[in-house]
Amino acid sequence: MKSISGKRLCKVIERKGWVLKRVTGSHHIYEKIGVEQILSIPVHRDQDLKVGTLKALMKVAQLSEEDLR
C-alpha cells in the first residue's frame, strides 16, 4: 500500500460524508452521522502518513484502497 499525506486523506473522507468539526494543533477532527468513532487525522505539511496510521484511519472510516485513488 502506498501512503498519502494527511491533507489528501482529509479530501478523500470529506467526499465520503465526514465533516470537519475542529482543528486541534495539527490534527483535523472529523465526525460522521451514524458512526460513533471520530477520526483524528494528523496534517503535517505534505508529509505522508505512516502506513500503520493510514490503515487504522481507513478501518474506522470504512475506506478501501480504491477510495484513495
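Visitor: Teacher, can you tell me more about helix α2 (residues 51-61) here?
Guide: Note: α-helices contain 3.6 residues per turn, so residues at a spacing of three or four share the same orientation. Within α2, the full set of buried residues consists of Leu54, Leu57, Met58, Val60 and Ala61. Taken around the axis of α2, the buried residues stretch over an arc of 160°, which confines them to a single face. Away from its buried face, by an angle of more than 90 degrees, α2 presents the exposed residues Gly52 and Lys59. Looking at the residues trailing α2, positive phi occurs at Gln62, about 60°.

Visitor: Looking at this model, I keep getting lost on the sheet that holds strand β1 (residues 19-24). Mind explaining?
Guide: Think of a sheet as strands paired side by side through backbone hydrogen bonds, with each pair either parallel or antiparallel. Taken together, three strands build an open sheet; the order of strands is β1-β2-β3 and the sheet is antiparallel. The sheet terminates laterally at β1 and β3 (35-42), the two strands that pair on one side only. Strand after strand, the sheet turns through a mean of 25° between neighbouring axes, direction not considered. Looking at chain direction, strand β2 (residues 27-32) and β3 are connected through five bridges and run antiparallel. If you follow His27 over to β3, its bridge partner there is Pro42. Against the sheet, helix α1 (residues 6-15) makes contact with β2 and β3, and its axis sits at roughly 150° relative to β3, the strand it touches most.

Thresholds, definitions, all that
Residues numbered from 1 in each chain as written. Predicted model: local features only at pLDDT ≥ 70, side-chain atom pairs only at ≥ 80, totals over all residues. Heavy atoms only, no water. Buried < 20%, exposed > 50% of the residue type's maximum accessible area, 1.4 Å probe, protein only. Helix = DSSP H or I, 4+ residues; strand = E, 2+ residues; numbered from the N terminus. Arc of directions from axis to C-beta. Pairing = 2+ DSSP bridges. Axes fitted to C-alpha atoms, helices over the stretch in contact; angles between N-to-C directions. Contact = heavy atoms within 4.5 Å.

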